Amino acid sequence: MTVAYIGLGANLGDARQAIKDAIICLAQQIGITITAKSDLYRTAPIESSGDDYLNCAVAVETSLSARQLLTMCLKIELHFGRERPYKNAPRTLDLDLLLYGDERIAEPDLIVPHPRLALRAFVLRPLADLAPELDIPGVGRVSALLANVADQRIERVEQCCCPTKRAYAP
């Protein structure tokens, strides 16, 4: 089993419900066990437009490959009505594969760790909820990287909106 981290975000429709439902959808997939979920945060769009985003992250144990996990995340986004009319468009749901074990992957459509992970408070703050001492391969420790995004507005709106793995077990 590999420990992976997935970032979730949305700013269209009922973003809070979409994120909660997406976590349940993830948990129902074969080969995935959600082991932890961060608090839910509100953040301003970065390089994007529209309403504020809601964001969180989940830690999963998975038997899926990084490619399989990414493919599953993209299918879940589509199920929730995700459209990509232009780069960084507002979205009903966004699932990003942030980390996959300690692997470093650089393929045209799969980069792990996520390439902008260390530049975004909406990724680092939820990751810090899950594993503040996590070392991001080639980047650094999550807790140390938070200072670099201290100027980005982020506000906790809900503590751990969903239970962890015991509630997700089939």
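Residues numbered from 1 in each chain as written. Predicted model: local features only at pLDDT ≥ 70, side-chain atom pairs only at ≥ 80, totals over all residues. Heavy atoms only, no water.

K.L.:
Go over the overall build of the chain, please, and point to the residues and values.
P.N.:
Secondary structure summary: the chain contains 5 helices and 10 strands in total. Within the chain, buried positions represent 47% of all 170 residues. In the chain, the proportion of contacts linking residues at least 24 apart, taken out of those at least 6 apart, comes to 69%. Counting every atom, the chain has about 8500 Å² of accessible surface; 50% of that belongs to carbon and sulfur. (Helix = DSSP H or I, 4+ residues; strand = E, 2+ residues; numbered from the N terminus. Buried < 20%, exposed > 50% of the residue type's maximum accessible area, 1.4 Å probe, protein only. Contact = heavy atoms within 4.5 Å. Areas by Shrake-Rupley, 256 points an atom, 1.4 Å probe, with all protein chains shown as cover.)

K.L.:
Describe the pattern of salt bridges, and please don't skip the residues or the numbers.
P.N.:
A side chain with one charge may pair with a side chain of the opposite charge, provided their charged atoms come close. The final tally for this structure, using the stated rule, is 7 salt bridges. Among the ionic pairs, R67 bridges to D109, the shortest N-O distance being 3.1 Å. Taken together, the positions of R67 in helix α2 (residues 66-79) and D109 in the loop between β6 (105-107) and β7 (110-112) put the pair 42 residues apart, joining distant regions of the chain. The exposure class assigned to D109 is exposed, which follows from its relative accessible area of 52%. (Salt bridge = Lys/Arg side-chain N within 4 Å of Asp/Glu carboxyl O.)

K.L.:
Any details on the nonpolar core? Residues and values, ideally.
P.N.:
Membership of the largest hydrophobic core comes to 32 residues, with the highest contact counts inside it found for I6, L8, I19, L26 and L69. Counting residues per element, the ones that place at least two in this core are β1 (2-10), α1 (15-27), β2 (32-37), β4 (53-62), α2, β5 (94-100) and β7. Examining the composition of this core, we find that 7 residues originate from one element, α1, more than from any other. Excluding its chain neighbours within four sequence positions, the residues that come into contact with I19 are L8, G9, A10, L40, L54, N55, C56 and L93. Counting 18 residues, the second largest nonpolar core, distinct from the first, contains L124, L130, L145 and V149. (Core = buried A, V, L, I, M, F, W, Y, C linked by side-chain atoms within 4.5 Å.)

K.L.:
With reference to specific residues and values, describe the environment of R104.
P.N.:
Within the secondary structure, R104 is located in the loop between β5 and β6. Sequence separation between R104 and H114 is 10 residues; the distance between their C-alpha atoms is 9.4 Å. R104 has contacts with V112, P113, P137 and G138, leaving out every residue within four places of it along the chain.

K.L.:
Hey, could you go over the environment of I105 for me, with residue numbers and the actual values?
P.N.:
For I105, the location among the structural elements is in strand β6. In this structure I105 touches A66, L110, I111 and V112, once residues within four positions along its chain are discounted.

K.L.:
Please provide a residue-by-residue account of the state of the cysteines, values included.
P.N.:
For the structure shown, the criterion picks out 0 disulfides. In this model C73 remains outside any disulfide bridge; the closest cysteine sulfur is found in C25, 9.8 Å from its own. On the basis of relative accessibility, which here comes to 0%, the residue C73 falls in the buried class. (Disulfide = S-S within 2.5 Å.)

K.L.:
Give me the pairing of β5: which residues, what numbers.
P.N.:
Counting buried positions along β5 gives 6 out of 7 residues, so the element sits mostly inside the fold. Strand direction decides the pairing type here: β1 and β5, joined by 6 bridges, are antiparallel. Residue pairing for β5: G9 is matched across the bridge by D94. (Pairing = 2+ DSSP bridges.)

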